[in-house]
Amino acid sequence: MAITAIKGFNDILPNESGRWQHIEQAARRVFELNGFSEIRVPIMEKTELFCRSIGDATDIVEKEMYTFIDKGDNSITLRPEGTAGVMRAFIEHKLHAQDPVSKLYYLGPMFRYERPQKGRYRQFHQIGAEVTGVNDPLVDAQVLNMLCAFFREIGLDEPSLQINSLGCPECRPAYRAALLKFLEGRLDQLCEDCRRRFTTNPLRTLDCKAAGCAEATQGAPSMLDNLCGGCGQHFDSVRCYLDSIKTPYKINPRMVRGLDYYTRTTFELVTGLLGSQSAVAAGGRYDGLISQLGGPSIPGIGFAIGVERVALLLGQQDFSRRPDLFIATMGAAERAGAFVLLTELQNLGVRVEMDYEGKSLKSQMRRADKLKTRYSVVLGGNELESGRALFKRMEDGLQIESVLTADAINEIVCPD
Ligand code: ATP
Ligand code: MG
């Protein structure tokens, strides 16, 4: 029996990779326009890094990590998200010493042991961006607008921006205590997960999908009503800056992110088109993370986009690149001549396809159709002898005669 891929791990096939490149190129364009540089970090880190940053009582660390012991008896984890590794590298290489403001982006696979379903896989891909060194809410607005600009760039305007504030170590403990008190009397309504993490992570109950939890949290105190002066002002300023650049958003006071390191501004881009996998991108501020990881006390903010979900939203649009020209040939001598032309045309940047093994003219033309080539030409004895041939524009059948030199052909098939 043939060997299959691991459950929840996907192949991205040639007919899909054009869509992926479209997404990745748009991200690079938009992020670089905003002054971000790419950083590439390993896909595995010491397990401890994720426990210390994401938090022991989160779904990711409790249930979802791919952790194993390597041959040297070290506990290693396949990264479940990108921020921890990027911040580890940031601290290790003292990037803050080079520029007090650091703007980084990354893309690549992440790994979480979850139940695979549409939009949720065990290997999935994120494109993320991080800014460190700036406390000012202006940067929150810039990051949020950059995320929205990315979605506009790829031609999606459906996902909508939701924002919230999770406060800071000064105001969150009191809010947490108030929420615990509120929920105490309703403990029996909560789902098993929420009961289990009731004392370690009660905020999760607010965005739990279980009906009992939704009911139990009706009328629960809101973080937004309990922000300290600094956090309240920060949140108001983020809103003002977003308004000033006309970036639309909705406030969602129930949004709780599944990672412990978030402070103040948190956000999600949500869609109604992917069932319960509604978040296509998410992020927030993490002012305590860098020092928590042993680095200097430097604030940060970032987000991650789920590439599979974006690809699903883009649907079946065809982003594959079509050949400019298909050269069909009638015999071995013509095939040898076509090969020389193909090479010369490629040197000029023309994408050319040809037959390799003497198929019938009919099957060559079938392949040209399938490849959706823009032009085709048939080379037989006459064409080789006269050095001229008819080039056919496939969309309307228009025929153009040309000499068989790369420059002349280039003029016809790629006029600009
Ligand atoms: P969800 O609530 O859907 O589990 P999350 O809060 O765990 O999402 P984050 O850790 O914030 O997700 O990751 C950012 C983005 O990465 C998500 O908005 C989503 O688009 C994508 N993502 C997260 N987990 C998966 C997965 N298992 N498969 C595919 N995409 C994922
Ligand atoms: Mg999750």
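Computed from a prediction, not measured in an experiment: that's the story for all the values here.

Cut-offs applied
Residues numbered from 1 in each chain as written. Chains lettered and ligands numbered in written order. Predicted model: local features only at pLDDT ≥ 70, side-chain atom pairs only at ≥ 80, totals over all residues. Heavy atoms only, no water. Salt bridge = Lys/Arg side-chain N within 4 Å of Asp/Glu carboxyl O. Helix = DSSP H or I, 4+ residues; strand = E, 2+ residues; numbered from the N terminus. Buried < 20%, exposed > 50% of the residue type's maximum accessible area, 1.4 Å probe, protein only. Pairing = 2+ DSSP bridges. Axes fitted to C-alpha atoms, helices over the stretch in contact; angles between N-to-C directions. Contact = heavy atoms within 4.5 Å. Near = heavy atom within 4 Å. Polar contact = N/O pair within 3.5 Å; in protein donor to acceptor, adjacent residues only side chain to side chain. Areas by Shrake-Rupley, 256 points an atom, 1.4 Å probe, with all protein chains shown as cover. Nonpolar A, V, L, I, M, F, W, Y, C, P; charged D, E, K, R; others polar. Domains from an automatic or database assignment. Phe/Tyr/Trp six-rings, centres within 6.5 Å; stacked < 30°, edge-to-face > 60°. Lys NZ or Arg CZ within 6 Å of the ring centre and 35° of its normal. Expected span 1.5 Å × (residues − 1). Arc of directions from axis to C-beta.

### Considering the pattern of salt bridges
Then, in step 1: Summed over all chains, the structure comprises 24 salt bridges.
Then, in step 2: A salt bridge links glutamate 153 to arginine 29; the nearest nitrogen and oxygen atoms lie 2.6 Å apart. Of the two residues, glutamate 153 is situated in helix H5 (residues 137–153) and arginine 29 in helix H1 (residues 14–33); the sequence distance between them amounts to 124 residues.
Then, in step 3: Classification of glutamate 153 as partly exposed rests on a relative accessible area of 36%.
Then, in step 4: Arginine 204 serves as the salt-bridge partner of aspartate 207, at 3.5 Å between the closest nitrogen and oxygen.

### A word on the sheet that holds strand E16 (residues 399–403)
Then, in step 1: Here we have 5 strands laid out as an open sheet, ordered E13-E12-E14-E15-E16, and mixed in their pairing. At either end of the open sheet lies a strand with only one pairing partner, and these are strand E13 (352–354) and E16. Strand after strand, the sheet turns through a mean of 25° between neighbouring axes, direction not considered.
Then, in step 2: Bridge analysis of strand E12 (residues 325–329) against E13 gives 3 bridges, and the strand direction is parallel. The residue bridging leucine 325 from the neighbouring strand is valine 352, located in E13.
Then, in step 3: Sitting on the sheet, helix H12 (residues 332–347) is in contact with E12, E13 and strand E14 (375–379), with an inclination near 165° to E13.
Then, in step 4: The strands touched by helix H15 (residues 406–413) within the sheet are E12, E14, strand E15 (388–393) and E16, with E16 carrying the most contacts at an inclination of about 160°.

### Here we look at the site of ligand 1
Then, in step 1: Taken together, 15 residues sit near ligand 1, with Arg112, Glu114, Arg120, Tyr121 and Arg257 positioned nearest.
Then, in step 2: Taking arginine 120, its side chain carries an N or O atom lying 2.8 Å from an oxygen atom of ligand 1.
Then, in step 3: Side-chain polar atom of arginine 309 to an oxygen atom of ligand 1: 3.0 Å apart, as the coordinates give it.
Then, in step 4: Notes on ligand 1: free accessible area 580 Å², of which the protein chains cover 87%.
Then, in step 5: Mapped by element, the contributors of at least two residues to the shell around ligand 1 are strand E6 (123–132), strand E10 (279–285) and strand E11 (300–306).
Then, in step 6: The dominant element in the shell around ligand 1, judged by the number of residues it contributes, is E10, at 4 residues.
Then, in step 7: Taken together, the residues that form the shell around ligand 1 break down as 7 nonpolar, 3 polar and 5 charged.

### Topic: the domain arrangement of the protein
Then, in step 1: Domain annotation for the protein reports domain 1 (14–171 + 227–313) and domain 2 (325–413).
Then, in step 2: Distance from the C-alpha centre of domain 1 to the C-alpha centre of domain 2: 48 Å.

### What about the sheet that holds strand E4 (residues 75–78)?
What holds strands together in a sheet is hydrogen bonding between their backbones, with the strands either parallel or antiparallel.
Then, in step 1: Read from one edge to the other, the open sheet built from 3 strands follows the order E2-E4-E3, with strand pairing classed as antiparallel. A strand with exactly one partner marks an edge of an open sheet, and here the two such strands are strand E2 (44–46) and strand E3 (66–69). Taken over all neighbouring pairs, the strand axes of this sheet differ in orientation by 35° on average, direction set aside.
Then, in step 2: Two strands pair when backbone bridges link them, and E2 and E4 are joined in this way by 3 bridges, in the antiparallel orientation. Opposite glutamate 45, over in E4, you have threonine 77 as the bridge partner.
Then, in step 3: Those strands touched by helix H2 (residues 47–54) are E2, E3 and E4, and its axis lies near 80° from that of E2.

### So, the pairing of E14
Then, in step 1: Taken across its 5 residues, E14 has 4 buried, putting it largely inside the fold.
Then, in step 2: In terms of strand pairing, E12 meets E14 through 5 bridges, oriented parallel. Across the sheet, threonine 329 pairs through a bridge with leucine 379, a residue of E14.
Then, in step 3: Note that E14 and E15 share 3 bridges and pair antiparallel. For tyrosine 375, the partnering residue across the bridge sits in E15 and is arginine 393.

### Structural notes on the packing of aromatic side chains
Then, in step 1: For the coordinates displayed, the defined rule picks out 9 aromatic pairs.
Then, in step 2: Centroid distance phenylalanine 31 to phenylalanine 303: 5.8 Å. Interplanar angle 70°. Geometry classified as edge-to-face. Of the two residues, phenylalanine 31 sits in helix H1 while phenylalanine 303 sits in strand E11, which places them 272 residues apart along the sequence.
Then, in step 3: On the basis of relative accessible area, phenylalanine 31 is assigned to the buried category, the value being 0%.
Then, in step 4: A ring pair is formed by phenylalanine 150 and phenylalanine 151, whose centres lie 5.1 Å apart and whose planes are at 80°; its orientation type is edge-to-face.
Then, in step 5: Note on phenylalanine 151: relative accessible area 2%, which makes it buried.
Then, in step 6: Each residue in the set Phe9, Tyr66, Phe111 and Tyr113 is aromatic and connected to the rest through ring pairs, giving one cluster.
Then, in step 7: It is arginine 122 that lies over the ring of tyrosine 113; its NZ or CZ is 3.8 Å from the centre.

### Remarks on H12
Along an α-helix, residues three or four positions apart point the same way, because every turn accommodates 3.6 residues.
Then, in step 1: Across its 16 residues, H12 extends 23 Å between first and last C-alpha, which sits within 8% of the 22 Å expected from 1.5 Å per residue.
Then, in step 2: By the burial criterion, the buried members of H12 are Glu334, Ala338, Leu341, Leu342 and Leu345. Buried positions in H12, seen along its axis, are confined to an arc of 110° and lie on one side of it. Facing away from the buried side of H12 by over 90 degrees, the exposed positions are Ala332, Ala333, Phe339 and Asn347.

### Focus: the pairing of E6
Then, in step 1: With respect to burial, E6 is a largely interior element, 10 of its 10 residues being buried.
Then, in step 2: Here E6 shows two buried faces, one formed by Gln123, His125, Ile127, Ala129 and Val131 and the other by Phe124, Gln126, Gly128, Glu130 and Thr132.
Then, in step 3: Across 10 bridges, the pairing between strand E5 (residues 102–111) and E6 is antiparallel. Within E6, the position partnered with leucine 107 by the bridge is isoleucine 127.
Then, in step 4: As judged from the 7 bridges shared by E6 and E11, these two strands associate in the antiparallel manner.

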